[in-house]
Amino acid sequence: MIRIGSVEIPGWLAMSPMAGISDSPTRTMARRYGSAFSYTEFVSTDSLAVGSKKALSLLRFREEERPITFQIFGNKLEIIVDAAKRIRELNPDIIDLNMGCPARNVSMRGSGVGLLRKPIYAGKIIEEMRKALDIPVTAKIRLGWDDTSRNYMEVSKILEESGVMAISVHGRTREMGYSGKADWDAIADIKSERKVPIFGNGDVSSYEEAVRRKEESKVDGVLVGRNSIGNPWIFSNIKKEDLSFEEIVSTTLSHLQLMRETFGDKYGLILLRKHLVRYIQSRKEVEPKRLELLKMEDPEKLIQILQEAQNSLSLVS
């Protein structure tokens, strides 16, 4: 059990926030399979401050996703604080400031990892968020802007002194993007010096690796990003390659149903595709229909094809 302020996190392994991926249905699936808590996709505070319906829609969640963390990004203190107060009314458990997104259109404007270039200012943002909110404030960071400015120890110290209640660390710099290897030694250095809970993130491909990273770095928790797409079993210490095709189909259809309920039939299926390609990856049962499945726009047709493949397998066996 990890405590972030007044919030108890019932576990140590969770799904990392991912733009365009960690929507409510996907978070729900992750929680059902063992993810300890939920992060929303990051949302622009500029958009939230003007009441953008699209931005607010990214913060919709199901009660079973709790504990739920709303993640926001921005670069103007007053707007960030105003947006945080607005979304507090939606009753999240935690609000997280993204200081880790390396995308050019975010970081070059001073948001996301761009805030690492102004650690004192970032600390002031956290301080003002804490004053304005009655729920925990956390932050997600990277190791620095590039290899010449790996200021993660300074940043984490300032954030802790400013009142942040937990820090998630992606073990790469902005310059690295998602290339190279995550530096878990650096994450361990942060954990050794900070008193607040530290979550490590980067290149975790299995439950066993998550356990190893946790033990070696001594972090409080581990976040899994890309390797959880189409593989919610990673949070339950279940190897996907050991699952039957029936189990794969059952989980895929559960995810599809949540997508349809949230986004409607056609758009829900379109959003499922990025997960579907991973769900059915390397499954010979549907290989002849793989491209057709990934272009499908009719959810009932998708269900039919998957169930027919499942039935054919049952007849053979």
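What you see is a predicted model, and the numbers here were worked out from it, not measured in a lab.

Rules of the game
Residue numbers run consecutively from 1 along every chain, following the written order of its sequence. Whole-chain, interface and lining totals are the exception, using all residues; otherwise, since this is a predicted model, local features are given only for residues with pLDDT of at least 70 and side-chain atom pairs are given and counted only at 80 or more. With hydrogens and water excluded, all non-hydrogen atoms of the structure serve as input to the side-chain values. Secondary structure is summarised from DSSP: a helix means a run of H or I of at least four residues, a strand means a run of E of at least two, and numbering begins at the N terminus for each. Only the C-alpha atoms count toward the radius of gyration. The rule for a globule is 2.2 Å times the residue count to the power 0.38. Exposure categories follow from relative accessible area, calculated using a 1.4 Å probe and restricted to protein chains: below 20% of the type maximum is buried, above 50% is exposed, and the middle band is partly exposed. Every residue pair with non-hydrogen atoms within 4.5 Å of one another is taken to be in contact. Here, nonpolar core refers to any group of buried Ala, Val, Leu, Ile, Met, Phe, Trp, Tyr and Cys residues whose side-chain atoms link them within 4.5 Å. By definition, a salt bridge exists where a carboxyl oxygen of Asp or Glu is found within 4 Å of a side-chain nitrogen of Lys or Arg. In this analysis, rings of Phe, Tyr and Trp, with Trp reduced to its six-membered ring, are considered paired at centre separations within 6.5 Å, and the interplanar angle assigns stacked below 30 degrees, edge-to-face beyond 60, and tilted for intermediate values. Note on geometry: a ring has a charge over it if NZ (lysine) or CZ (arginine) is within 6 Å of the ring centre and within 35 degrees of the ring normal. The path from the first strand over the helix to the second decides the hand: if it runs clockwise while the strands point away from the viewer, the crossover is right-handed.

Student: Any chance you could explain the overall build of the protein here in plain terms?
Tutor: Within the protein one finds 13 helices and 11 strands. Here the protein has a C-alpha radius of gyration of 20 Å; the compact-globule value for 317 residues is 20 Å, and the two agree. For the protein, the C-alpha atoms occupy an extent of roughly 65 × 45 × 35 Å along the three principal directions. Counting the 317 residues in the protein, one finds 58% classified as buried. Within the protein, contacts between residues separated by at least 24 positions form 69% of all contacts whose residues are at least 6 apart in sequence.

Student: Honestly, the nonpolar core in this entry has me stumped. Any pointers?
Tutor: In globular proteins that are soluble, nonpolar side chains generally tend to be buried together. Counting 57 residues, the largest nonpolar core has Ile72, Ile95, Leu97, Met99, Met129, Ile141 and Leu159 as its most contacted members. Among all residues touching Leu97, those that are not within four sequence positions of it are Ile72, Ile80, Leu115, Ile125, Ile126, Met129, Thr138, Ala139 and Lys140. With 25 residues, the next largest nonpolar core counts Met259, Leu269, Leu276 and Leu306 among its residues.

Student: Just to check I follow, could you spell out the pattern of salt bridges for this structure?
Tutor: Pairing between side chains becomes possible if they bear opposite charge and their charged atoms approach one another. For the structure shown, the criterion picks out 25 salt bridges. The partner of Lys157 in a salt bridge is Glu161, with the nearest N and O atoms 2.6 Å apart. Of the two residues, Lys157 and Glu161 both sit in helix α7 (residues 152-161), four residues apart, roughly one turn of that helix. The class of Glu161 is exposed, set by a relative accessible area of 57%. Between Glu209 and Arg212 there is a salt bridge; the shortest N-O distance is 3.7 Å. Remark: Arg212 and Glu209 occur in helix α9 (residues 207-217); sequence separation between them is three residues, near one turn of the helix. Overlapping salt bridges bring together Lys124, Glu127, Glu128 and Lys131 as one network.

Student: I tried to follow the packing of aromatic side chains on my own but got confused; where do I start?
Tutor: Each aromatic ring pair is summarised here by two numbers: the centre-to-centre distance and the angle between the ring planes. Inspection of the entire model under this criterion finds eight aromatic pairs. Ring geometry for Phe61 against Phe70: centres 5.8 Å apart, planes inclined by 70°, an arrangement best described as edge-to-face. The structure contains a cluster of three or more aromatic residues connected by ring pairs, namely Tyr33, Trp233 and Tyr279. In this structure, Lys214 is placed above the aromatic ring of Trp12, and the distance from its NZ or CZ to the ring centre is 5.8 Å.

Student: Would you take a moment to explain the pairing of strand β8 (residues 137-141) for this structure?
Tutor: Walk down a regular strand and you will see the side chains alternate between the two sheet faces. Taking burial as the measure, the five residues of β8 include five buried ones, the bulk of the element. The side-chain alternation of β8 yields two buried faces, one formed by Val137, Ala139 and Ile141 and the other by Thr138 and Lys140. Handedness of the β8-α7-strand β9 (residues 167-170) crossover: right-handed.

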